[in-house]
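# Observations on the model geometry
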Amino acid sequence: MKKMMPWIATALLAITLIVVVVFVFMQGQNKSDNTHTAAAAEVKKMTADEIVEVSSELGEIKTNLAGADHIIMVSFSFKLSDKKAKEDFEKIKSITVKPIIIQALTDTKAEELRTARGMQQFNEKLTSLINEALPEPKLKSTSFSDIVIAPM
C-alpha cells in the first residue's frame, strides 16, 4: 500500500490540474461570448431617426418565381452601415440592385418563401449577392417589407 500512495497522489493531482485548466478555459469562453453579446446589444440600440438615416426601400417588384406557376410582387427594405453608404446605395439601387433581386427571385420556388425561415434564408442570400455587387459592401441586412405570391 505504501508503494501505491505516490501513484495515487500523482493521479489525483493530474486530474485536479486538468479540471482547473478546463474550468479556466470555459470561463474565458463565456467572457468573450458576453463581450460579443454586449457589443451586439449596443449596435441594436438605434433611435428611429438613426434607423431612417441608414435605411432604404425598393418598391414593388413583380416577376415569376421558379417553375413559372407562381408570380410574386414584393417590396424590400435595406439597412446600410452608415448615411454615406445609403446615399451611394440610393444612386444604384434601380440599375444594380433591382436586377439582382429579380434574378434571385426567378431562381426561387414559391415553397421556399412560404415560411419565415425560408424568407430569412432568402434575405441572407440576397444581402450577400448585393454586397458582392456594391463597390464597398456596406449592406447590413435585407428584409421583405411587402410580399404577395399568387398562382398563375
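Relevant structure appears above.
Read on for a plain summary of the structure. Quick caveat, the model's predicted, so the values are computed rather than measured.

What the three strands build is an open sheet, ordered β1-β2-β3; its pairing is antiparallel. Two strands bound the open sheet, and with one partner strand each, they are β1 (55–64) and β3 (139–151). Taking the axes of each pair of neighbouring strands and ignoring which way they run, one obtains an average angle of 15 degrees across the sheet. With eight bridges connecting them, β1 and strand β2 (residues 70–80) associate as antiparallel partners. From the neighbouring strand, Ser56 faces β2, where its bridge partner is Phe78. Packing against the sheet, helix α3 (residues 83–106) makes contact with β1 and β2, and its axis sits at approximately 25 degrees to β1. Taken strand by strand, helix α4 (residues 116–133) contacts β2 and β3, and its axis lies near 125 degrees from that of β3.

Turning our attention to a nonpolar patch on the surface. On the surface, Met4, Met5, Ile8 and Leu12 cluster together to form a nonpolar patch covering roughly 400 Å² of accessible area. Tracing the chain through its elements places Ile8 in helix α1 (residues 5–44).

Here we come to the packing of aromatic side chains. Summed over the entire model, instances satisfying the criterion amount to four aromatic pairs. When the ring of Phe78 is compared with that of Phe89, the centres are 5.0 Å apart and the planes differ by 55 degrees; the resulting orientation is tilted. Taken together, the residues span a long stretch of sequence, with Phe78 in strand β2 and Phe89 in helix α3 at a distance of 11 residues. Across the pair, exposure class does not vary: Phe78 and Phe89 are buried alike. One aromatic cluster is present, formed by Phe76, Phe78, Phe89, Phe122 and Phe144 through successive ring pairs.

Once that is clear, we can look at the packing of α3 against α4. At a minimum axis separation of 10 Å, α3 and α4 run at an interaxial angle of 130 degrees. Classified by the angle between their axes, α3 and α4 sit oblique to one another. Crossing geometry of α3 relative to α4 is assigned as right-handed. Touching Phe89, Thr96, Val97, Ile100, Ile101, Ala104 and Leu105 of α3 are Phe122, Leu126, Leu129, Ile130 and Ala133, all from α4. The residue makeup of the contact of α3 with α4, split by class, is 11 nonpolar, one polar and no charged.

So, how was this worked out
Residues numbered from 1 in each chain as written. Predicted model: local features only at pLDDT ≥ 70, side-chain atom pairs only at ≥ 80, totals over all residues. Heavy atoms only, no water. Pairing = 2+ DSSP bridges. Helix = DSSP H or I, 4+ residues; strand = E, 2+ residues; numbered from the N terminus. Axes fitted to C-alpha atoms, helices over the stretch in contact; angles between N-to-C directions. Contact = heavy atoms within 4.5 Å. Patch = residues over 30% accessible without salt bridge, like charges linked within 9 Å, V, L, I, M, F, W, Y side chains within 5 Å. Areas by Shrake-Rupley, 256 points an atom, 1.4 Å probe, with all protein chains shown as cover. Salt bridge = Lys/Arg side-chain N within 4 Å of Asp/Glu carboxyl O. Phe/Tyr/Trp six-rings, centres within 6.5 Å; stacked < 30°, edge-to-face > 60°. Buried < 20%, exposed > 50% of the residue type's maximum accessible area, 1.4 Å probe, protein only. Parallel < 35°, antiparallel > 145°, perpendicular 65-115°, else oblique. Left-handed = near helix turned anticlockwise from the far one by under 90°. Nonpolar A, V, L, I, M, F, W, Y, C, P; charged D, E, K, R; others polar.

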